[in-house]
Amino acid sequence: MLTDNHGRRVNYLRLAVTDRCNLRCFYCMPEDGLHWLSRAELMSYEEMLRGCALLVKMGIEKIRITGGEPFVRKDIMKLLTGLSKLKGLKELSMTTNGVLTAPYVAEMKALGINSVNLSLDTLDADRFFTITRRDEFKNVMATLDELLKHNFTVKINAVVMDGKNTKDILPLVQLTKDLPVSVRFIEEMPFNGDGHIYQGLQWDYIRILDEITAHFPAIQKLEDPAYSTSYNYHIPGHKGNVGIIAAYSRTFCGSCNRIRITPQGTLKNCLYDDGVLNIKDLMRSGINDEQLEQTLLHAINQRAKDGREAEQLRVEKTGVHESMATIGG
Ligand code: SAM
Ligand code: SF4
């Protein structure tokens, strides 16, 4: 069992496989995109599989593939196939924007992937275009249909943005009436690659819940699973559930079980830290697995106690400038 210096179990890895994306969600990156990483700067699939195999041996039980948009990276199914064979890995899941995903759904299911987080901030095609700057709403909805057809556990992630999609909160909640999905509202964070000025948090988890409760007064609190980052609710008579993720307020750090690896191989102990070591560089310098394991253990034993402390300890003191696409969410 892998634990950190605060006695927290660490059993969940989020692996971002690319920084590239086919959408330009304004809360994530500038309209012109980012300075994309070159191929040489990216971890190769072989390096990812080596790192994941070692981390699974050390105690990681769940891996989520994210990005950028994972389906933009060539031959992503090769990586998923390799990961699906890792002994000791209990769960492999994905976060995707759904633009290119639908044709891969059956193959994903055959690999044993059962859970997908689909990012969808609005049910209105025009607002979708305003938020993502791309006309891909239909493809995302086709992915949602396909996932449900194949009985995936589907979580819909919606970032709540003042003046952009607060009108969508209630329709997205209403979606849980007939569909067995969990719609999770996420507080907006400043990771937008300096695409716009972050005005501070306008819609925190309390305001989001107040908005939902005002229109669905029968809403009931559910017991949150261990390590859950969302507060979970159910509306009687609905097939699905509703969650609220206090990503900026950071109310869940006390039970944080996750580490992250970015597309260029940086290990992040916390979403808000600026990276603790680079696994790809270590591998390319010829480190063996035993040395790499010791290095990883050492790093995981120096985790900040929470996201506030991690942010204060950043070397770069002028705040967060990265895009979420370089971290993976
Ligand atoms: N491209 C994929 C997608 O959008 O699902 C995976 C990567 S994306 C960076 C992962 C998650 O981060 C998405 O659910 C997205 O909504 C969320 N995200 C991106 N920027 C964010 C921000 N500034 N604040 C809160 N969540 C954000
Ligand atoms: Fe792309 Fe996901 Fe970022 Fe949107 S949130 S720009 S889909 S990486």
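Up top is the structure.
The shown structure was predicted, so the numbers you read here are calculated from the model rather than taken from an experiment.

What is the right way to read the nonpolar core from this model?
The nonpolar side chains of a soluble globular protein tend to be buried, and buried together. Counting 96 residues, the largest nonpolar core has Ile63, Ile65, Met108, Phe185 and Ile212 as its most contacted members. For this core, the element with the highest residue contribution is helix α1 (residues 45-58), accounting for seven residues. Setting aside chain neighbours within four positions, we find Ile63 in contact with Leu13, Leu15, Cys52, Val56, Leu83, Leu89, Glu91, Leu92 and Ser93.

Would you explain the pairing of strand β5 (residues 153-160) in this entry?
Side-chain positions along a regular strand alternate between the two faces of the sheet. Here β5 lies mainly inside the structure; six of its eight residues are buried. Sheet analysis places strand β4 (residues 115-119) next to β5, joined by five bridges and oriented parallel. Residue pairing for β5: Val116 is matched across the bridge by Val154. Note that β5 and strand β6 (residues 182-187) share six bridges and pair parallel. When the bridges of β6 are listed, Ile156 appears paired with Val183.

Before we go on, may I ask you to explain the site of ligand 2 in this structure?
Close to ligand 2 lie Cys21, Leu23, Cys25, Cys28, Met29, Gly68, Asn97 and Ala325, which account for all nearby residues. Looking at the shell around ligand 2 residue by residue, the class counts come to six nonpolar, two polar and no charged.

What should I look at first to understand the side chain of Arg260 in this one?
Looking at the secondary structure, you find Arg260 in strand β10 (residues 258-261). For the buried Arg260, no salt bridge is present, and the opposite-charge side chain at shortest range is Asp273, 7.9 Å distant. Looking at Arg260, its side chain comes within polar contact range of the main-chain oxygen of Gly329, at 3.0 Å. In this view, Arg260 contacts Leu13, Arg14, Thr266, Leu267, Lys268, Cys270, Leu271, Ile327 and Gly329; residues no more than four positions away in its chain are not counted.

Cut-off values and rules
Residue numbers restart at each chain and count upward from 1, following the sequence in its written direction. As they are written, the chains are lettered A onward and the ligands numbered 1 onward, keeping that order. Local features in this predicted model are restricted to residues of pLDDT 70 or higher, and side-chain atom pairs are both shown and tallied only at a pLDDT of 80 or more, whereas totals for entire chains, interfaces and linings draw on every residue. Note: side-chain values were computed over all heavy atoms of the structure, leaving out hydrogens and water. Think of a nonpolar core as a cluster: buried Ala, Val, Leu, Ile, Met, Phe, Trp, Tyr and Cys residues, connected wherever their side-chain atoms sit within 4.5 Å. The rule is simple: take the accessible area with a 1.4 Å probe, protein chains only, and divide by the maximum for that residue type; under 20% is buried, over 50% is exposed, in between is partly exposed. A helix here means a DSSP run of H or I that spans at least four residues, while a strand means a run of E at least two residues long, and both kinds are numbered starting from the N terminus. Residue contacts are defined here by distance: any two heavy atoms, one from each residue, within 4.5 Å place the two residues in contact. For two strands to count as paired, DSSP must find a minimum of two bridges between them. In this text, near means that some heavy atom of the residue lies within 4 Å of the molecule or strand in question. In this classification, Asp, Glu, Lys and Arg are treated as charged, Ala, Val, Leu, Ile, Met, Phe, Trp, Tyr, Cys and Pro as nonpolar, and every other residue, Gly included, as polar. Counted as positive: Lys and Arg. Counted as negative: Asp and Glu, with His and the chain ends omitted from the count. By definition, a salt bridge exists where a carboxyl oxygen of Asp or Glu is found within 4 Å of a side-chain nitrogen of Lys or Arg. A 3.5 Å cut-off defines polar contacts: any pair of N or O atoms within that distance qualifies, except that in protein one atom must be a possible hydrogen donor and the other a possible acceptor, and neighbouring residues in sequence count only when both atoms are side-chain atoms.

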